[in-house]
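# Analysis of the macromolecular model
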Amino acid sequence: MTFESVLTQARSEGRDLLNEVEAKQLLQEAGIPVTTTVLAVTQEEASAEAARVGYPVVLKIVSPDIAHKSDVGGVKVGLEDDAAVNAAYEEIVGNAKKAVPNANITGVAVQNMAGEGTEVIVGMTTDPQFGPVMMFGLGGIMVEVLKDVSFRVVPLTERDAAQMIDEIKGSAVLDGVRGQPPVDKAALCDAILKVAEFVEQHPEVQELDLNPMIAYSDGAIAVDARIVVSAS
Ligand code: ADP
Ligand code: MG
């Protein structure tokens with residue numbers, strides 16, 4: 001799957017939002033670690049894909065009309081077996097239809113469940129003046145309420161990426177608190193740089209979010225991804 005083919009497909013459907021499955025495939029090809037994520041359009045497919053991906057799995061709604069999946073009951077994590085996957089499939093589609101009655105539902109994304117770690121956000125927005133700007137922050141309320149984020153204009157040096165990680169106010173969390181080991185900052189640095197390269201190579205990308213990326217003492221992995229492209 002090439003960027004051009006995904007872009008053409010999205011534009012032909014009048015979408016500017018690449019779905020999670022598309023976004024993760026492109027990011028994976030760009031060398032950014034993501035959870036293995038496949039689209040299922042029936043309960044049977046979801047069940048077969050879950051067995052292939054390996055339990056525990058996560059199921060999520062895929063719809064161009066639903067941006068915040070958990071807000072509509074569209075995310076089920078920690079599914080341990082086939083029965084749980086079947087139930088979650090029905091529930092997710094039902095919840096989505098209830099929350100957004102006219103939503104166009106593409107299907108359900110089946111993915112492996114990443115282990116617990118520290119949630120961070122790696123993002124890109126397009127500034128009218130500066131063009132693509134990279135953003136980094138801690139996940140959850142830290143970014144939403146406290147706006148504790150750092151920015152750098154693309155292109156980035158390795159030093160820029162390292163500074164982005166260290167200059168957020170909550171950076172101590174990444175150095176390990178309450179006996180937790182520090183997170184792998186080199187892995188985060190690498191992800192920031194690779195996302196920056198990806199957006200540099202694809203000027204059609206207007207916005208990109210890995211929200212969250214889960215960081216560990218060894219490595220990091222994006223569990224949610226969103227890419228917005230220009231309309232033409
Ligand atoms: P939303 O559209 O609501 O942002 P997400 O895909 O980010 O949906 O899922 C919501 C939350 O569920 C994430 O912030 C993360 O904590 C958890 N989550 C999602 N996918 C996974 C996964 N593959 N492995 C582990 N946790 C996950
Ligand atoms: Mg998310």
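Before any of the text, the structure's been laid out above.
Residues numbered from 1 in each chain as written. Chains lettered and ligands numbered in written order. Predicted model: local features only at pLDDT ≥ 70, side-chain atom pairs only at ≥ 80, totals over all residues. Heavy atoms only, no water.

## Describing the coordination of the magnesium ion (ligand 2)
The test is simple: Metal donors were taken as nitrogen, oxygen and sulfur atoms no farther than 2.8 Å from the ion, or 3.2 Å where the ion is Na, K or Ca. Water is excluded, so coordination may look unfinished. Helical segments are the DSSP runs of H or I of at least four residues, strand segments are the runs of E of at least two, and each set is numbered from the N terminus. Buried, partly exposed and exposed residues are distinguished by accessible area as a fraction of the type maximum, computed with a 1.4 Å probe on protein chains only: under 20%, between the cut-offs, and over 50%, respectively.
Within the protein, the atoms that donate to the magnesium ion (ligand 2) are N211 (O) and D224 (OD), at distances of 2.1 to 2.2 Å. Placement of N211 in strand β9 (residues 205-215) and of D224 in the loop between β10 (220-222) and β11 (225-229) is noted, with a sequence separation of 13 residues between them. For N211, a relative accessible area of 31% corresponds to the partly exposed category.

## Quick notes on the nonpolar core
So the rule is basically this: By convention a nonpolar core is built from buried Ala, Val, Leu, Ile, Met, Phe, Trp, Tyr and Cys residues, the set being connected through side-chain atoms within 4.5 Å. Residue contacts are counted whenever heavy atoms from the two residues lie within 4.5 Å of one another.
In terms of nonpolar packing, the biggest core is built from 44 residues, with M134, F136, L208, L210 and M213 touching the most fellow members. Tallying contributions element by element places helix α7 (residues 185-201) first for this core, with ten residues. Contact partners of M213, with chain neighbours within four places excluded, come to I32, P33, T118, E119, V120, V122, L188, A191, A220, I221 and A222.

## Observations concerning helix α3 (residues 43-53)
What α3 keeps buried is the set A46, S47, E49 and A50. In this structure, the buried residues of α3 make contact with β2 (37-40), β3 (57-62), α4 (82-99) and β5 (107-112). Downstream of α3 by one or two residues, G54 has phi in the positive range, about 100 degrees.

## Things to note about the side chain of D160
Checked against the element boundaries, D160 lands in helix α6 (residues 158-167). For D160, a relative accessible area of 18% corresponds to the buried category. If near-sequence neighbours (up to four positions away) are discounted, D160 is found in contact with R152 and P155.

## Looking at α6
As a reminder, the rule being used: Arc, as used here, means the arc of the directions from the helix axis to the C-beta atoms.
Inspection of α6 places D160, A161, M164 and I165 among the buried residues, and these make up the whole buried set. Viewed along the axis of α6, the buried residues span an arc of 135 degrees, placing them on a single side of the element. Among the exposed residues of α6, those oriented more than 90 degrees off its buried face are E158 and R159.

## As for the packing of α3 against α4
Cut-off, in case you're wondering: Angles here are taken between N-to-C directions and fall from 0 to 180 degrees, while the axes themselves are lines fitted to C-alpha atoms, restricted in helices to the stretch in contact. In this scheme, roughly parallel covers angles under 35 degrees and roughly antiparallel covers those over 145, while 65 to 115 is roughly perpendicular and the rest are oblique. A crossing counts as left-handed when the near helix is turned anticlockwise from the far one by less than a right angle, and as right-handed when that turn is clockwise. The classification used treats Ala, Val, Leu, Ile, Met, Phe, Trp, Tyr, Cys and Pro as nonpolar, Asp, Glu, Lys and Arg as charged, and all other residues, Gly among them, as polar.
Between α3 and α4, the shortest axis-to-axis distance is 9 Å and the interhelical angle comes to 140 degrees. One way to sum up the angle between α3 and α4 is to call them oblique. Note that α3 runs across α4; the crossing there is right-handed. The residues of α4 that touch α3, namely those facing Q43, A46, S47 and A50, are D82, V85, N86, Y89 and E90. Each residue belonging to the contact of α3 with α4 can be placed in one class, and the counts come to four nonpolar, three polar and two charged.

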